[in-house]
Amino acid sequence: MKTELFIDGKWQPAAAGGVFDIVDPATGQIFAQAAAGTAADVDLAVRAARKAFDQGPWPRMSAKQRAGIVRRIGELIAQRKDMLAALEVRDNGKPLPEAAWDVDDAAYCYGYYADMAEAAEAAGPTPITLGDERFTSKVVHEPLGVVAAIVPWNYPLLMATWKVAPALAAGCTIVLKPSELTPLAAVELAKIIKDAGVPDGVFNLVTGLGADAGDPLSRHPGVDKVAFTGSVPTGSKVMQAAAADIKAISLELGGKSPFVVFADSDIEKAVEWIMFGIFWNQGQVCSATSRVLVERSLYAPLLKRLAEEAGKIVIGNGMQEGVLLGPIVSKGQYDKVMAAIERGRAEGARLISGGKRPTHLPDGYFVEPAVFADVPLDSWIWREEVFGPVVCVNAFDTEEEAVRLANDSPYGLAGAVMSDDLDRCERVAAALRAGIVWINCSQPTFAEAPWGGYKRSGIGRELGRWGFDAYRQVKQITAFDRSQKWGWYLK
């Protein structure tokens, strides 16, 4: 299997003829190759998107016309769910039920933003009340322009959708650059977008390595906005590149999210949500609640139950029934996770469960879910993102201490709190310095609610109306009543 680039409605090889390998993380074996796009391909794609925006019909269609096509994308995704989910498993490694859930979410997003575009058009311009009655003013929204969407490997189809769906619905044109680790869902998305009837040049796909394709895309002067999801170091580079032309930018970056558990919580529910918050998608989740703070009287019994239940998680190939934890996405990421576990032990954290390769899985990139206790607060593993199935647990004595420890982080993407005292939950939720806070749960995500973080976790918001407005320009139009007199220089 060998894939090509999709530029201006046509499939084509990379200009330089290069390809790169795609590896199944469950076996470590190459099963496909993708075109290795470079700056020349990026330039062709941006030029196509630029022409489609400046001269083509897409931004000039009524929102209702665009919405019909965007809605069709979601319908086609739903129709091809089984194929897309199986492809995500082989490309990314996640268990099949998780991949199927992701495909459902992606399909829903296109319908959601199609509805939003129609509703925005029906609402019309927003009138503004001015202090001078001789003038009238209104606010209109227009498509922002050419969007460079650079997405990660942990949710290949869904993370692309979070950018592509609202951007298309708003009337923008797009160049999508997926992760080189998991580009295949984006290739299928391009096929679906073409089949749905999106005009040529509106959506373009350039696969390739970050340095060869992602960097020139973020720097290209023909791009109006860069929408990036990924690591903090890469996000910083993207931001610097975009600054040269003062491009609009949105960044959804990493996190080291806290989960505060009070002693009045049900221990079984707490363990279940802790595991969901860190072991879902092999812990390869930017919002993963990887720092768990437990009130001291519950600390020892919760650790015991958490270690017991983590040890029961079924690990294996994501296509096998009953598997709840698949492989890490790549050899490089696997090595980073294993190095983080060893560093945690070296820095004095107590490993109470997991952290090794499963003995029955000698091939692929598998690791047992790791539970650390009594983690030094200044240790690397407590403060930095591992992006793997590794959870760190510490005790606290007071609500004030819990909030202080939770907020003691350079990140602020998400946080969670669990207690039977809902007033306390609301207090803690209000005190957490994070863009997303869950009460008595962890990780539920909805297309209708804003997604993004504080501090080093990013800039801007995706999803909901906030994600739609991120791809629209705001224009003020003010008019003078010609029947009125103007007393400055016309007497």
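These figures come from a predicted structure and were not determined experimentally.

Tallying secondary structure elements over the protein chain gives 15 helices and 23 strands in all. Rg of the C-alpha trace for the protein chain: 24 Å, near the compact-globule value of 23 Å for 491 residues, within the 12% margin. Dimensions of the protein chain along its principal axes, counting C-alpha atoms only, are 80 × 55 × 40 Å. Residues classed as buried in the protein chain amount to 56% of the 491 residues present. A sequence separation of at least 24 residues applies to 73% of the contacts in the protein chain between residues at least 6 apart. Element-wise, carbon and sulfur atoms account for 54% of the exposed surface of the protein chain, whose accessible area totals about 20,200 Å². The averaged location of the 60 negative side-chain charges in the protein chain is 6 Å from the averaged location of its 52 positive side-chain charges.

What follows concerns the nonpolar core. Grouped together as the largest cluster of nonpolar side chains are 102 residues, with contacts concentrated most on Ile73 and Ile77. The dominant element in this core, judged by the number of residues it contributes, is helix α4 (residues 96-123), at twelve residues. Excluding residues that lie within four positions of it along the chain, isoleucine 77 makes contacts with Leu84, Val103, Ala107, Tyr110, Leu157, Leu189 and Ile192. Counting 29 residues, the second largest nonpolar core, distinct from the first, contains Tyr365, Trp382, Val403 and Cys425.

Counting across every chain of the model gives five cavities of 30 Å³ or more. By volume, the largest cavity amounts to about 80 Å³. If you trace the largest cavity, you find 16 residues lining it, with Pro258, Ala406, Tyr411, Ala414 and Arg433 closest to the centre. For the lining of the largest cavity, the secondary-structure elements that each account for two or more residues are α13 (399-407), β18 (411-412) and β19 (414-418). Lining of the second largest cavity is provided by 13 residues; of these, Ala288, Ser290, Glu385, Val386 and Phe387 occupy positions nearest its centre. Among the residues making up the lining of the second largest cavity, the classes are represented as seven nonpolar, four polar and two charged.

Strand-to-strand pairing in sheets goes through backbone hydrogen bonds, with the strands running parallel or antiparallel. If you walk across this open sheet you meet the three strands as β1-β5-β4, and the pairing is mixed. The open sheet has two edge strands with one neighbour each: β1 (2-3) and β4 (19-24). Packed on one face of the sheet, helix α3 (residues 81-92) meets β4 and β5 (29-35) and runs near 100° to β4.

Now for the confidence of the model for the protein chain. In the predicted model, the protein chain carries a mean pLDDT of 97, and 99% of its residues have values of at least 70. Element-level mean pLDDT values for the protein chain span from 94 in helix α8 (residues 232-243) up to 99 in strand β10 (residues 203-205).

Here we come to helix α2 (residues 63-79). Residues separated by three or four positions in an α-helix point in the same direction, a consequence of the helix having 3.6 residues per turn. Across its 17 residues, α2 extends 24 Å between first and last C-alpha, which sits within 8% of the 24 Å expected from 1.5 Å per residue. Those residues of α2 that are buried lie in contact with α3, α4, α5 (156-170) and α6 (184-196).

Within strand β11 (residues 225-229), five of the five residues are buried, leaving the element largely enclosed by the surrounding structure. On β11, burial covers both faces: Lys225, Ala227 and Thr229 on one face and Val226 and Phe228 on the other are all buried. One ladder, built from four bridges, connects strand β8 (residues 146-150) with β11; its direction is parallel. When the sheet's bridge partners are listed, alanine 148 is paired in β11 with valine 226.

Enumeration according to the criterion identifies 13 aromatic pairs in this entry. Seen from their ring centres, tryptophan 273 and phenylalanine 276 are 5.7 Å apart, and the 85° between their planes marks the pair as edge-to-face. With tryptophan 273 and phenylalanine 276 both in helix α9 (residues 267-279), this residue pair falls three residues apart, about one helical turn. Judged by its relative accessible area of 24%, phenylalanine 276 is partly exposed. Considering the side-chain rings of tyrosine 334 and tyrosine 365, the 6.3 Å spacing of their centres and the 40° angle between planes classify their relative orientation as tilted. Of this pair, tyrosine 334 sits in helix α11 (residues 331-346) while tyrosine 365 sits in the loop between β15 (350-353) and β16 (370-373), placing them 31 residues apart in sequence. You can call tyrosine 334 buried: its relative accessible area is 10%. By the ring-pair criterion, three or more aromatic residues cluster together here, those being Trp101, Trp273, Phe276 and Trp280. When the ring centre of tyrosine 471 is taken as origin, the NZ or CZ atom of lysine 225, which lies over that ring, is 5.3 Å away.

Taken as a whole, the largest pocket holds about 1,100 Å³ of empty space. What lines the largest pocket is a set of 44 residues, and nearest its centre among them are Trp153, Gly230, Ser231, Thr234 and Lys336. The dominant element in the lining of the largest pocket, judged by the number of residues it contributes, is α11, at seven residues. Across the lining of the largest pocket, the residue classes break down as 21 nonpolar, 13 polar and ten charged. Quantified by volume, the second largest pocket comes out at close to 520 Å³. Asp105, Leu158, Gln443, Pro444 and Thr445 are the residues nearest the centre of the second largest pocket, which is lined by 31 residues in total. Contributions of two or more residues to the lining of the second largest pocket are made by α4, α5 and α9. Counted by class, the lining of the second largest pocket contains 20 nonpolar, seven polar and four charged residues.

A word on helix α1 (residues 39-54). For α1, spanning 16 residues, the distance from its first C-alpha to its last is 22 Å, which sits close to the expected 22 Å at 1.5 Å a residue. Listed as buried for α1 are Asp41, Val42, Ala45, Val46, Ala48, Ala49, Ala52 and Phe53. Along the axis of α1, the buried residues cluster in a sector spanning 155°; they form a single face. Within α1, the exposed residues directed more than 90 degrees away from the buried face are Arg47 and Lys51. Turning to α1, the residues buried within the fold contact β2 (5-7), β7 (135-143), β8, β9 (173-177), β10 and α7 (210-219).

The rules we used
Residues numbered from 1 in each chain as written. Predicted model: local features only at pLDDT ≥ 70, side-chain atom pairs only at ≥ 80, totals over all residues. Heavy atoms only, no water. Helix = DSSP H or I, 4+ residues; strand = E, 2+ residues; numbered from the N terminus. Rg over C-alpha atoms; globule rule 2.2 N^0.38 Å. Buried < 20%, exposed > 50% of the residue type's maximum accessible area, 1.4 Å probe, protein only. Contact = heavy atoms within 4.5 Å. Areas by Shrake-Rupley, 256 points an atom, 1.4 Å probe, with all protein chains shown as cover. Lys, Arg positive; Asp, Glu negative; His and termini not counted. Charge placed at Lys NZ, Arg CZ, Asp CG, Glu CD. Core = buried A, V, L, I, M, F, W, Y, C linked by side-chain atoms within 4.5 Å. 1 Å grid on protein atoms, 1.4 Å probe; cavity = no way out; pocket = protein on both sides within 12 Å on 5 of 7 lines; lining within 4 Å. Points joined across faces, edges and corners; volume = space filled by probe spheres on them. Nonpolar A, V, L, I, M, F, W, Y, C, P; charged D, E, K, R; others polar. Pairing = 2+ DSSP bridges. Axes fitted to C-alpha atoms, helices over the stretch in contact; angles between N-to-C directions. pLDDT = per-residue confidence, 0-100. Expected span 1.5 Å × (residues − 1). Phe/Tyr/Trp six-rings, centres within 6.5 Å; stacked < 30°, edge-to-face > 60°. Lys NZ or Arg CZ within 6 Å of the ring centre and 35° of its normal. Arc of directions from axis to C-beta.

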